[in-house]
Amino acid sequence: MEIKVGIVHGPREIVLESEETAADVEAAFGKAVAEGAVLTLTDDRGRKVLIPAARIAYLELGQEAARRVGFGAL
């Protein structure tokens, strides 16, 4: 699933692909905002992105199962 995070006063958004579900990301975001903590997201390669909840302008969640484009059997 593609996750886009807009940062307050930031020129670009953070974009990452994650294997987490939309419900899990939404719950983690809600908890981080309520506690004023850090939102921790893990991408599909295992790297972690830490974002202070107070600096998040918006969070956009894409489709959980993106369509693959191309030729060949997978």
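Predicted model, so just to flag it, every value in this text is computed and none were measured.

Within the protein, the secondary structure is distributed over one helix and five strands. The N-to-C order of helical and strand elements in the protein reads β-β-α-β-β-β. Evaluated residue by residue, the protein yields a buried proportion of 20% over its 74 residues. Intrachain contacts of the protein at a sequence separation of at least 6 include 51% that bridge at least 24 residues.

What follows concerns the environment of valine 38. Its location among the elements puts valine 38 in strand S3 (residues 38-42). Relative accessible area serves as the criterion here: at 46%, valine 38 is assigned to the partly exposed category. Along the sequence, valine 38 and arginine 55 sit 17 residues apart, while their C-alpha atoms lie 9.6 Å from each other. For valine 38, the residues in contact, after removing those within four places along its chain, are Ala32, Leu50, Ile51, Pro52 and Ala53.

All right, on to the pattern of salt bridges then. Tallied over the full model, the rule gives one salt bridge. Two residues, arginine 47 and aspartate 43, come together in a salt bridge whose shortest N-O distance is 2.9 Å.

Calculation criteria
- The numbering scheme is per chain: residues are counted from 1 as the chain's sequence reads.
- For this predicted model, a pLDDT threshold of at least 70 governs which residues receive local features, and a threshold of 80 or more governs which side-chain atom pairs are given and counted, while totals over whole chains, interfaces and linings are taken from all residues.
- Hydrogens and water are ignored here; the side-chain numbers use all heavy atoms of the structure.
- To qualify as a helix, a DSSP run of H or I must reach at least 4 residues; to qualify as a strand, a run of E must reach at least 2; elements of each kind are numbered from the N terminus.
- Each residue gets one of three labels from its accessible area relative to the maximum for its type: buried under 20%, exposed over 50%, partly exposed in between, using a 1.4 Å probe on protein chains only.
- Contacts are assigned to residue pairs that have any heavy atoms within 4.5 Å of one another.
- What counts as a salt bridge is simple: a side-chain nitrogen of Lys or Arg found within 4 Å of a carboxyl oxygen of Asp or Glu.

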